[in-house]
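Report on the structure
So you can see what is in the structure, the chains are spelled out below.
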Amino acid sequence: MALNVQAVRGMNDLLPEDTSIWQQVETVLRQTLSSFGYSEVRMPVVEHTNLFCRAIGEVTDVVEKEMYTFEDRSGDMLSLRPEGTAGCVRCALEHNLIYNQEQRLWYMGPMFRHERPQKGRYRQFHQTGVEVFGLKGPDIDAELIIMTYELWKRFGIQDQVKLQLNSLGSAQERAAYRESLVKFLEAHFDELDEDSKRRTHTNPLRVLDTKDEKVGELLKSAPKLADHFGAETKEHFAKLRALLDAEGIAYEINPRLVRGLDYYNLTVFEWVTDALGAQGTVCGGGRYDGLVEQLGGTPTCAVGFGLGMERLILLLQTLGKITPKSSVDVYVLGSGDDIELHEAKTASFLRKALPGVRIMTHCGGGNFKRQFKRADKTGARAAVILGNDEIARGSVTIKDLRNKDSAQSEYALCDAPEALRKILEI
Ligand code: ATP
Ligand code: MG
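Since the structure is predicted, the reported quantities are computational estimates derived from the model, not experimental observations.

1. Comments concerning the environment of V45
Its location among the elements puts V45 in the loop between β1 (39-40) and β2 (46-48). Between the C-alpha atom of V45 and that of F112, which follows or precedes it by 67 residues, the distance is 9.0 Å. Apart from the residues lying within four places of it in its own chain, the contact partners of V45 are S79, L80, R81, P110 and F112.

Next comes the structure, spelled out in structure tokens:
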């Protein structure tokens, strides 16, 4: 009987072809992050709901509409994490990681948001996040951007993603700006779309982020946040820009870049691509100097980013920068007396002699034609073939499966690893 249960909408299975790509991407990410000296942390997927309400802000889309929240059996209100920063700050505070010391941390894992699923937008998606605590200068903001740029270079997509940059100023500068922006929006209230009307009094800066063209046009004459900046904000931004210029990293200043969550100040940035349609933001981040205190810690400056793994992988696939890898290098097959036993022994010997080489043993018998078909299907480079003659002589026959013209040859078992190394080019 068919099982009529399907995966939850917007939550995807990753099949062997997918995981082969994900693993390659994860490896590059891990290597890059650790090459900058960052350490991994792993937080739970579930946190107390009020952590997100306090961190992200009650009137953001994420908290208002997108969280998976439930009461557990002990009556606690819990949520699946919609992002990683809040949990990372909670973790750092709980374990005293940031009191009087700096930390450069990263994590990788699933996040959950109840959004309308579409290409590049899912209900379970994955982020690689980086959070730095205790460093307040523009040098660390620049480091995070340089680190992401290094990632794009390693993936060969540095020309396909563009950096958008903005400064949100200090909390005080934002508050002053907020007042003049609300005045402006109230004066043009009839010209606003529904979303912008709602946000005018709940989260007016988000109006700057509108997708509505008419409102976008109107905003051209709105007061500018940058006009409220004091000397410190200006200097921070100027130094950051100088550091990026020195690295040859191009950027566009986007005064309307405000980002979806409430906690940012000073530097905000996004890496955006044209190749993925509407879901073009691959990575976004910024400074959030107020959040640690807001969550009960001593004031600690902080900066971080979140990188959307599905979008990065979609981009790499769209641009043909990544292909699935086979999971087998060598396929051991054969026919003869007690063949299963000899295959298993031969495979064990080879695994020991060739660490890191992926060696699959044929199971289930069948004639040679069938066995070679299976070997081909695995994508293996080489076949190790056993028969009664080989067993009697303590040898194996080796065939290069990707080079059909090359003859197969027999080797003493002790010479087989060397022969395989040649075929595998290792
Ligand atoms: P968007 O504007 O696309 O909704 P966001 O501002 O909500 O993004 P962040 O909270 O900054 O996104 O998350 C960081 C990154 O995580 C995004 O830049 C994007 O690459 C990815 N991301 C966010 N939401 C989703 C989702 N629902 N599905 C897949 N990836 C997502
Ligand atoms: Mg969003």
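2. A word on helix α13 (residues 368-378)
Burial in α13 covers these residues: Q371, A375 and T378. Buried residues of α13, viewed axially, fall in a sector of 60 degrees; they line one side. Facing away from the buried side of α13, by more than 90 degrees, are the exposed residues K369, K373 and K377. Against the buried residues of α13 lie β12 (330-334), α12 (339-353) and β13 (359-361).

3. A few points about unusual backbone geometry
With glycine set apart, most residues show a phi of negative sign, and most peptide bonds adopt trans. One non-glycine residue, N96, adopts positive backbone phi at about 55 degrees. Assignment of secondary structure puts N96 in the loop between α4 (85-94) and β5 (103-112). Despite not being glycine, D338 has its phi angle at roughly 50 degrees, a positive value.

4. Examining the site of ligand 1
Around ligand 1, a shell composed of 14 residues is seen, among which R113, E115, R121, R259 and T281 lie nearest. A distance of 2.6 Å separates a nitrogen atom of ligand 1 from a polar side-chain atom of E115. With respect to ligand 1, the backbone of T281 contributes an N or O atom lying 2.8 Å from an oxygen atom. Alone, ligand 1 offers 590 Å² of accessible surface; in the complex the protein occludes 88% of this.

5. Let's talk about the packing of helix α2 (residues 49-56) against α4
Relative orientation and spacing of two packed helices are given, respectively, by the angle between their axes and the distance between those axes. The geometry of α2 relative to α4 is characterised by a closest axis approach of 9 Å and an angle of 105 degrees between their N-to-C directions. As far as their axial angle goes, α4 and α2 are roughly perpendicular. Together, L51, F52 and A55 of α2 and A86, G87 and R90 of α4 make up the contact between the two elements.

6. Focus: empty space enclosed by the protein
For the coordinates displayed, the defined rule picks out one cavity of 30 Å³ or more. Put simply, the largest cavity is a space of about 60 Å³. Forming the walls of the largest cavity are L168, R174, N203, L205, R206, V258, R259, L261 and D262. Residue composition of the lining of the largest cavity, grouped by class: four nonpolar, one polar and four charged.

7. Quick word on the pattern of salt bridges
Applying the stated criterion across every chain, the model contains 22 salt bridges. Its salt-bridge partner being E410, residue R393 comes within 2.8 Å of it at the nearest N-O pair. A residue pair is termed long-range when its members are at least 10 positions apart, and R393 in helix α14 (residues 388-393) and E410 in strand β16 (residues 409-412) qualify at 17 residues. Under the relative-accessibility criterion, R393 is labelled exposed at 52%. Taking relative accessible area as the criterion, E410 reaches 38% and is therefore assigned partly exposed.

8. Notes on the sheet that holds strand β14 (residues 382-386)
Ordered by their spatial adjacency, five strands build an open sheet running β13-β12-β14-β15-β16, and the pairing between neighbours is mixed. Single-partner strands in this sheet number two, and they are β13 and β16. The average angle at which neighbouring strand axes cross in this sheet is 30 degrees, direction not considered. Contacting β12, β13, β14 and β15 (395-400), α12 crosses the sheet at an angle of about 175 degrees to β13.

9. Section: the layout of surface pockets
By volume, the second largest pocket amounts to about 750 Å³. Forming the walls of the second largest pocket are 33 residues, and the residues nearest its centre are S170, A171, N265, L266 and D289. If you list the elements that add at least two residues to the lining of the second largest pocket, you get α2, α6 (171-187), α9 (231-247), β9 (265-272) and α10 (291-294). Its residues placed into classes, the lining of the second largest pocket shows 13 nonpolar, eleven polar and nine charged.

10. Focus: the nonpolar core
F133, W152 and W271 are the most contacted members of the largest nonpolar core, which has 92 residues in total. For this core, the element with the highest residue contribution is helix α5 (residues 138-155), accounting for nine residues. Counting 18 residues, the second largest nonpolar core, distinct from the first, contains A347, A416, A419 and L424.

11. Examining the state of the cysteines
Per the stated rule, a full pass over the model turns up zero disulfides. The cysteine C301 is free of any disulfide, with C88 supplying the nearest cysteine sulfur at 15 Å. Taking the relative accessible area as the measure of exposure, C301 reaches 16% and is therefore buried.

12. Brief notes about the packing of aromatic side chains
Summed over all chains, the structure comprises seven aromatic pairs. Between W152 and W271 the ring centres are 5.8 Å apart and the planes differ by 75 degrees, which places this aromatic pair in the edge-to-face class. Note that W152 is positioned in helix α5 and W271 in strand β9, a separation of 119 residues in sequence. W271 shares its class with W152; the two are buried.

13. Thoughts on α2
Since the α-helix advances by 3.6 residues per turn, residues separated by three or four positions end up pointing in the same direction. Among the eight residues that make up α2, six are buried, leaving the element largely enclosed by the rest of the structure. Buried within α2 we find T49, L51, F52, C53, A55 and I56. Elements that come into contact with the buried residues of α2 comprise β2, α3 (61-66), β3 (69-71), β4 (77-80), α4 and α10. Among the residues trailing α2, G57 stands out with phi positive, at a value near 105 degrees.

Calculation rules
Residues numbered from 1 in each chain as written. Chains lettered and ligands numbered in written order. Predicted model: local features only at pLDDT ≥ 70, side-chain atom pairs only at ≥ 80, totals over all residues. Heavy atoms only, no water. Helix = DSSP H or I, 4+ residues; strand = E, 2+ residues; numbered from the N terminus. Contact = heavy atoms within 4.5 Å. Buried < 20%, exposed > 50% of the residue type's maximum accessible area, 1.4 Å probe, protein only. Arc of directions from axis to C-beta. Near = heavy atom within 4 Å. Polar contact = N/O pair within 3.5 Å; in protein donor to acceptor, adjacent residues only side chain to side chain. Areas by Shrake-Rupley, 256 points an atom, 1.4 Å probe, with all protein chains shown as cover. Axes fitted to C-alpha atoms, helices over the stretch in contact; angles between N-to-C directions. Parallel < 35°, antiparallel > 145°, perpendicular 65-115°, else oblique. 1 Å grid on protein atoms, 1.4 Å probe; cavity = no way out; pocket = protein on both sides within 12 Å on 5 of 7 lines; lining within 4 Å. Points joined across faces, edges and corners; volume = space filled by probe spheres on them. Nonpolar A, V, L, I, M, F, W, Y, C, P; charged D, E, K, R; others polar. Salt bridge = Lys/Arg side-chain N within 4 Å of Asp/Glu carboxyl O. Pairing = 2+ DSSP bridges. Core = buried A, V, L, I, M, F, W, Y, C linked by side-chain atoms within 4.5 Å. Disulfide = S-S within 2.5 Å. Phe/Tyr/Trp six-rings, centres within 6.5 Å; stacked < 30°, edge-to-face > 60°.

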